[in-house]
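# Observations on the three-dimensional arrangement
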Amino acid sequence: MSSHTAIEPSILYFGTPVVLLSTENEDGTFNLAPMSSAWALGRTVVLGLGRDGQTARNLLARPDLVINLPAPHQWPAVERLAPLTGRDPVPATKAAGCRFEPAKFAAAGLREEPSDTVRPPRAAECPLHLEARAERIRPDLSGDCVIVETTVLKVHAAADLLIPGTHHIDPAAWSPLIYNFRHYFGLGPELGSSYRTETPRTAGVG
């Protein structure tokens, strides 16, 4: 007999990384928006965005962006952005309580840092930045969202995340901010590694 129960959850964010997307507005200013539907395949990062948000609108017209990855302790900055939108008037599809805010970086308490290959800036305090370009944007099956396929052009990593002398992120030093059924979490201790890992073992690890 199964020990499982059939349920109808309102959301399916079963533990996905949070990213902050910086994009360029029509007037040359910049938008910063949190989202938690992102995954990587090689140099491609796929994003799932609300159809009516400012980020989707910006990428349709100006495809450059930065995918900023915050650390777990930065969840309050993410949450400060959560009820804000760069759209004015606020779309009817936005959640109740959402309000227009043009100065998103300031609202989050983050600084703009120039990018090397794209116009939108990086969020300086985030440990990882992926400069990228949206190559394909299409509606999802529901019609409420868009799926954006991006190509990563350049990666910036905080120095204390790197294994010295390599281009590898030290998995023991980096923990993504995880959105787990609308609650924020970091990672626990390492349980093991894949046979495909190319990361050198750090000192003290058996």
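Quick summary incoming for the structure in this document. (Residues numbered from 1 in each chain as written. Predicted model: local features only at pLDDT ≥ 70, side-chain atom pairs only at ≥ 80, totals over all residues. Heavy atoms only, no water.)

## Regarding the overall build of the chain
Stated precisely, the cut-off is as follows: Secondary structure elements follow DSSP: runs of H or I no shorter than four residues count as helices, runs of E no shorter than two count as strands, and numbering proceeds from the N terminus. With the radius of gyration taken over C-alpha atoms, the globule rule is written as 2.2 Å times the number of residues to the power 0.38. Exposed residues in this analysis have more than 50% of their type's maximum accessible area, buried residues have under 20%, and partly exposed residues fall in between, with area computed by a 1.4 Å probe over protein chains only. Whether two residues are in contact is decided by their heavy atoms, any of which lying within 4.5 Å being enough. Using the Shrake-Rupley algorithm and a 1.4 Å probe, accessible areas are obtained, with residue cover drawn only from the displayed protein chains. As used throughout, the charge tally considers Lys and Arg to be positive and Asp and Glu to be negative, leaving His and the chain termini uncounted. Note that the charge is assigned to NZ on lysines, CZ on arginines, CG on aspartates and CD on glutamates.
Along the chain, the regular secondary structure elements total three helices and 14 strands. A globule of 206 residues ought to have a C-alpha radius of gyration of about 17 Å, and the chain, at 18 Å, matches this closely. A principal-axis box enclosing the C-alpha atoms of the chain has dimensions of 55 × 55 × 30 Å. When burial is assessed residue by residue, the chain has 39% of its 206 residues classed as buried. For the chain, contacts bridging at least 24 residues in sequence account for 59% of all contacts bridging at least 6. Roughly 12200 Å² of accessible area belongs to the chain as shown, and the carbon and sulfur atoms make up 56% of that amount. Placing the 19 positive and 22 negative side-chain charges of the chain at their respective mean positions leaves the two points 2 Å apart.

## Some details on the packing of aromatic side chains
The line we're drawing: Each Phe, Tyr or Trp ring (for Trp, its six-membered ring) is paired with any other whose centre lies within 6.5 Å, and the angle between the two planes then decides the class: stacked below 30 degrees, edge-to-face above 60, tilted in between.
In total, this model carries three aromatic pairs according to the counting rule given. Summarising the aromatic geometry, the rings of Tyr 179 and Tyr 184 are spaced 5.5 Å apart at their centres and angled 45° between planes, so their arrangement reads as tilted. Taking the relative accessible area as the measure of exposure, Tyr 179 reaches 16% and is therefore buried. Note on Tyr 184: relative accessible area 23%, which makes it partly exposed. Grouped by ring-pair contacts, the aromatic residues Tyr 13, Trp 75, Tyr 179 and Tyr 184 constitute a single cluster.

## Looking at the side chain of Ser 175
The following threshold applies: Side-chain atoms alone can form a polar contact between residues adjacent in sequence; in general such a contact is a pair of N or O atoms within 3.5 Å, and within protein one must be able to donate a hydrogen while the other accepts it.
Along the chain, Ser 175 turns up in the loop between strand S12 (145–157) and strand S13 (178–180). For Ser 175, the side chain forms a polar contact with the main-chain nitrogen of Leu 187, separated by 2.9 Å. Setting aside chain neighbours within four positions, we find Ser 175 in contact with Ala 71, Pro 72, Gly 186 and Leu 187.

## Remarks on the sheet that holds strand S3 (residues 30–35)
For clarity, the cut-off: A pair of strands is labelled paired if DSSP reports no fewer than 2 bridges between them. Structural elements are reduced to axes, namely lines fitted to C-alpha atoms, with helices fitted over the stretch in contact, and the angle between N-to-C directions of any two is expressed from 0 to 180 degrees.
Judged by pairing direction, the sheet is antiparallel, and its seven strands sit side by side in the order S3-S2-S6-S11-S12-S5-S4 without closing on themselves. The sheet is open, and its two borders are formed by S3 and strand S4 (38–41), each paired with just one other strand. The mean angle between the axes of side-by-side strands here comes to 30°, regardless of whether they run parallel or antiparallel. Bridging between strand S2 (residues 19–24) and strand S6 (residues 64–69) involves four bridges; their strand directions are antiparallel. Pairing of Leu 21 across the sheet is with Ile 67, part of S6. Here helix H1 (residues 54–61) sits on the sheet in contact with S2, S3, strand S5 (44–50), S6, strand S11 (128–139) and S12, set at roughly 50° to S2.

## Concerning the pattern of salt bridges
To be explicit about the condition: In the sections that follow, a salt bridge refers to a side-chain nitrogen of Lys or Arg positioned within 4 Å of a carboxyl oxygen of Asp or Glu.
Counted under the stated rule, the structure contains 10 salt bridges. Of the charged contacts in the structure, one is a salt bridge between Asp 64 and Arg 133, with a shortest N-O distance of 2.7 Å. On the criterion of sequence distance, the pair formed by Asp 64 in strand S6 and Arg 133 in strand S11 is long-range, its members being 69 residues apart. We classify Arg 133 as partly exposed; its relative accessible area is 28%. Its salt-bridge partner being Glu 131, residue Arg 122 comes within 4.0 Å of it at the nearest N-O pair. One connected set of salt bridges, linked through shared partners, spans Glu 113, Arg 122 and Glu 131.

## With respect to the sheet that holds strand S1 (residues 14–17)
Through backbone hydrogen bonds, the strands of a sheet pair up, either in parallel or in antiparallel fashion. The sheet built from three strands is open, its strands ordered S1-S13-S14 with antiparallel pairing. Across the chains shown, the open sheet's two edge strands, defined by having one partner strand only, are S1 and strand S14 (183–185). Taken over all neighbouring pairs, the strand axes of this sheet differ in orientation by 30° on average, direction set aside.

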